[in-house]
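One letter stands for each residue in the lines below.
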Amino acid sequence: SKTSALPGPWRNEMTPYLVGIMAALLDYEPEEIVLCKSAQLGGTEAILNALGYIIQQDPSPTLVVYPSDVLAESISKNRIIPMVQASPTLRERYQPFESKKLELQFDGMYLSLVGSNSPSNLASKAIRFLFLDEVDKYAGASAKEADPIALARERTKTFGNRKIFITSTPTITTGHVWKALQNCDMEKHYFVPCPHCGEMIEFKWANLKFPNDDGMSYVDRAELAVYACPECGGVITDQHKGQMLRLGEWRVVKQHSPHGKRVGFWLNTCYSPFVRFADIAKEYFKS
């Protein structure tokens, strides 16, 4: 889309960890997919890719819920419609004259975009694919209305092959996305190979290292930040990250049930190819 830092055809190699998440949307067994992530990891782009797939390959009534109507309208105008118009196969299916800003019409389906602050728009129409973006920023339930996530879920009940995708940057442990992750049948983390010893490791904040010299400024300390492999102690820099991500894989770290109806994915900001280790350290010092 025109808001992308890397416009043009989608390339999996830029954010390879999204492949497993998008594949789960195609897998028959999972009914609900939860992505608990930091910012700048491409979660919204994964939703756009899924919408493109649905429009072209599996037309079905679809709903995307954003924190507000204003944001929904902005994403429709600046991200979804430009993506549709830039892709010939999607453009052929688009019906611009029958569409509205928050309800796009396509051959065999419609795509509704709703803000969580408009509960009346969440209480009608049966839908098969439900995408809940940035749920921790949703408006809370009122005395007269159920919470927006519950209202949106109700609309999928008539479809036995429904898919619900929940994603957000977490806020607190009682937030929507963290509770959804804890309720998953299984939780997956992304493991990457150390370039020095080859062991599969997770990126964790505790292994981000920077000088502790009191005579240095926060900025200088942050600029020297590197990642230390927890297995061999090898120094991992931003230059290593791209290859590590391409060779990574999702692994189950928690299994609460033998059934795979609810699958959770967890990623922190260390995995982002768009954020340097130094940037993470700077944010820490600023906080």
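A. Spatial organisation of the packing of aromatic side chains. With the rule as written, the count across this model stands at 16 aromatic pairs. Relative to Tyr271, the ring of Phe203 lies with its centre 5.1 Å away and its plane at 65°, an arrangement referred to as edge-to-face. Here Phe203, found in the loop between β8 (200-201) and β9 (208-209), pairs with Tyr271, found in the loop between β13 (262-266) and α9 (277-286); they are 68 residues apart in sequence, far enough to count as distant. Summarising the burial analysis for this pair, Phe203 and Tyr271 share the class buried.

B. Summary view of helix α1 (residues 17-26). Within α1, burial applies to Tyr17, Leu18, Ile21, Met22, Ala24 and Leu25. An end-on view of α1 places all buried positions within 150° of arc, on one side of the element.

C. A look at the environment of Gln182. Structurally, the position occupied by Gln182 is in helix α6 (residues 176-182). With a relative accessible area of 36%, Gln182 lands in the partly exposed category.

D. Representation of the packing of α1 against helix α2 (residues 43-57) within the structure. In contact at an axis separation of 10 Å, α1 and α2 are set at 35° when each is read in the N-to-C sense. Judged by the sense of rotation from one axis to the other, the crossing of α1 with α2 is right-handed. Facing α1, whose interface residues are Leu18, Met22, Leu25 and Leu26, α2 presents Ala46, Asn49, Ala50 and Tyr53. For the contact of α1 with α2, the residue count by class is seven nonpolar, one polar and no charged.

E. Layout of the pairing of strand β7 (residues 186-193). With respect to burial, β7 is a largely interior element, seven of its eight residues being buried. As defined by bridge partners, β7 adjoins strand β12 (residues 249-255) across six bridges and the pair is classed as antiparallel. In the strand pairing of β12, Met186 is matched with Gln255. Two strands pair when backbone bridges link them, and β7 and β13 are joined in this way by four bridges, in the parallel orientation. Residue pairing for β13: Met186 is matched across the bridge by Val263.

F. Region of interest: the sheet that holds β9. Ordered by their spatial adjacency, three strands build an open sheet running β9-β10-β11, and the pairing between neighbours is antiparallel. Unpaired on one side and paired on the other, β9 and β11 (235-236) mark the two borders of the sheet. In this sheet, β11 lies alongside strand β10 (residues 226-228) in antiparallel orientation, the contact comprising two bridges. Residue Tyr227 lies in a different strand from β11, and its bridge partner there is Ile236.

G. Here's a closer look at the pattern of salt bridges. The full count for this structure, using the stated rule, is 16 salt bridges. One salt bridge in this structure joins Glu31 and Arg162, with 3.0 Å as the shortest N-O distance. Of this pair, Glu31 sits in the loop between α1 and β1 (32-36) while Arg162 is found in the loop between α5 (148-154) and β6 (163-168), placing the two residues 131 residues apart along the sequence. You can call Glu31 partly exposed: its relative accessible area is 24%. Measuring nitrogen to oxygen at the nearest pair gives 3.2 Å for the salt bridge that ties Arg276 to Asp279. Accessibility expressed as a relative area gives 34% for Arg276, which makes it partly exposed. Residue class for Asp279 comes out partly exposed when judged on its relative accessible area of 29%. One network of salt bridges, in which partners are shared, links Glu223, Arg276, Asp279 and Lys282.

H. Representation of the nonpolar core within the structure. Formed by 60 residues in total, the largest nonpolar core has its most connected members in Ile80, Leu111 and Phe131. Here the element with the most residues in this core is α2; it accounts for seven residues. With sequence-adjacent residues up to four places away left out, Ile80 is seen in contact with Leu48, Leu51, Tyr66, Ile75, Leu104, Leu111 and Leu113. Membership of the second largest hydrophobic core comes to 22 residues, among which are Leu122, Val135, Ala180 and Trp266.

Definitions and cut-offs
- Residues numbered from 1 in each chain as written.
- Predicted model: local features only at pLDDT ≥ 70, side-chain atom pairs only at ≥ 80, totals over all residues.
- Heavy atoms only, no water.
- Phe/Tyr/Trp six-rings, centres within 6.5 Å; stacked < 30°, edge-to-face > 60°.
- Helix = DSSP H or I, 4+ residues; strand = E, 2+ residues; numbered from the N terminus.
- Buried < 20%, exposed > 50% of the residue type's maximum accessible area, 1.4 Å probe, protein only.
- Arc of directions from axis to C-beta.
- Axes fitted to C-alpha atoms, helices over the stretch in contact; angles between N-to-C directions.
- Left-handed = near helix turned anticlockwise from the far one by under 90°.
- Contact = heavy atoms within 4.5 Å.
- Nonpolar A, V, L, I, M, F, W, Y, C, P; charged D, E, K, R; others polar.
- Pairing = 2+ DSSP bridges.
- Salt bridge = Lys/Arg side-chain N within 4 Å of Asp/Glu carboxyl O.
- Core = buried A, V, L, I, M, F, W, Y, C linked by side-chain atoms within 4.5 Å.

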